[in-house]
Amino acid sequence: MLKLRNPLFVAIDTADLDEAVRLAEMLKDVAGGLKLGLEFFTAFGPDGVARIAEFDLPLFIDLKFHDIPNTVSGAVRSLMRMRPAMFTVHAFGGLEMLRAAADTAALEADRLGLPRPWVLGVTVLTSLDAGDLDVLGVEGSTHKVVARLARLAEKAGLDGIVCAPDEISTARSTLGEKFRLVVPGIRPKGAEMHDQKRVTGPREAIQLGADVLVVGRPITRSDDPVFAARSILGALERAEGQEG
Ligand code: C5P
C-alpha cells in the first residue's frame, strides 16, 4: 500500500535533464513526490527516470497510455521496472484496456516485490470542451462524459482518476471513498495562472476531497522552489488544524 509523506506532487515539466535533477535535489526533503510526463520521458527515457529516482521520492509517471490491451499490458510491464508510485492510462481506451493495465500493474508489483502503484485514469483532457467532444462524436456534456469515464475506470479496478478541481465534488459524491483523486490546476493565492483557466487553491482542493495535488510552475518557476512548496504545505497544515 502506497504511503505518502504529503499530498504535494511537483510536476517537473522540462526537456532539460540538469534542470530536472536540480529541482529533484532541491525538493527531495519537501515534496510528497514528483511527476514526470511525456516531455521528460520522450527526451530522456527510463535512464532519465532512474536519474530522478535516485532522490528517493515517489514518482508519478504520467504517460497516458492508450492502445490495445495487449500493448498496454506490455508497456505497463516495462514501466513497472521504473517503480512508479502512480501512472496514467486514458479511460477512453475502454474497459478491457483499463483492466489489462490494472491487472498487469498488480501482477508485476507482486512479482518485483514492490508496493502496488496507483493506476489512474485520465477522463476528458481539460483542453477539450463540449465542441471538441461533439466533433469526436462523444455525446453528453463534458461533466457527464467525465463521470461516465470515471465510473468505467472504477469498474475496471483502477485506483483513481486525474481530475480537474471543479470535478472533485462530483467525483467524490459518485465514486467510492477509496477511489483516489489526483488534481492538477492548483494555484496558491496570488500565484500566476500561466495557461490554467480553472484553478483552485491547494487547501480548498484538499477540503473538497483531493488525495494528491499536482503543482508545477508555481513551484518550479519560482525563485525559491523550496519556499514555494513549503508555503503550500503550510497552508494544508493550517487547514488540518482548523478542522481538528
Ligand atoms: O505548471 P502547472 O501547475 O500548471 O502544471 C500542472 C501539471 O499537471 C502539468 O504537468 C500538466 O500537464 C498537468 N495537467 C494539467 N491539467 C490536466 C491534466 C494534467 O495541468 N487536466
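In the block above lies the structure referred to throughout.
Everything quoted here is computed from the prediction, not taken from an experiment. (Residues numbered from 1 in each chain as written. Predicted model: local features only at pLDDT ≥ 70, side-chain atom pairs only at ≥ 80, totals over all residues. Heavy atoms only, no water.)

K.L.:
Can you help me understand the site of the ligand in this one?
P.N.:
All residues in the neighbourhood of the ligand are listed as Ala11, Asp13, Lys35, Thr126, Pro184, Arg187, Gln196, Val214, Val215, Gly216, Arg217 and Pro218. Within the side chain of Asp13, an N or O atom sits 2.7 Å from an oxygen atom of the ligand. In this structure, Arg217 approaches the ligand through a main-chain N or O atom, which is 2.7 Å from an oxygen atom. Look at the ligand: alone it shows 460 Å² of surface, and the protein chains cover 80% of it. Of all elements in the fold, only strand E8 (212-215) and helix H9 (217-220) reach the threshold of two or more residues within the shell around the ligand. Its residues placed into classes, the shell around the ligand shows 5 nonpolar, 3 polar and 4 charged. (Near = heavy atom within 4 Å. Polar contact = N/O pair within 3.5 Å; in protein donor to acceptor, adjacent residues only side chain to side chain. Areas by Shrake-Rupley, 256 points an atom, 1.4 Å probe, with all protein chains shown as cover. Helix = DSSP H or I, 4+ residues; strand = E, 2+ residues; numbered from the N terminus. Nonpolar A, V, L, I, M, F, W, Y, C, P; charged D, E, K, R; others polar.)

K.L.:
I keep staring at helix H1 (residues 17-27) and nothing clicks. Help me out?
P.N.:
Side chains of residues three or four places apart in an α-helix project in the same direction, reflecting 3.6 residues per turn. For H1, the full list of buried residues reads Ala20, Val21, Leu23, Ala24 and Leu27. Within H1, the buried residues cover an arc of 165° as seen down the axis, which keeps them to one side. Among the residues of H1, the N-terminal cap falls to Asp16, whose side-chain oxygen and the backbone nitrogen of Asp18 are separated by 3.1 Å. (Buried < 20%, exposed > 50% of the residue type's maximum accessible area, 1.4 Å probe, protein only. Arc of directions from axis to C-beta.)

K.L.:
What exactly am I supposed to notice about the side chain of Ser73 here?
P.N.:
With respect to the helices and strands, the residue Ser73 is situated in helix H3 (residues 69-80). Of the residues examined, Ser73 reaches a relative accessible area of 11% and is grouped as buried. Setting aside residues no more than four positions away along its own chain, Ser73 makes contact with Ala100 and Thr104. (Contact = heavy atoms within 4.5 Å.)

K.L.:
Would you explain the packing of aromatic side chains in this entry?
P.N.:
Two descriptors summarise a pair of aromatic rings, namely the distance from one centre to the other and the angle between the planes of the rings. Summed over all chains, the structure comprises 2 aromatic pairs. Ring geometry for Phe65 and Phe87: centres 6.4 Å apart, planes at 50°, overall tilted. Of this pair, Phe65 sits in strand E3 (residues 59-65) while Phe87 is found in strand E4 (residues 86-90), placing the two residues 22 residues apart along the sequence. For Phe65, a relative accessible area of 14% translates into the label buried. In this structure, Lys35 packs its charged tip against the face of Phe60, placed 5.8 Å from the ring centre. (Phe/Tyr/Trp six-rings, centres within 6.5 Å; stacked < 30°, edge-to-face > 60°. Lys NZ or Arg CZ within 6 Å of the ring centre and 35° of its normal.)

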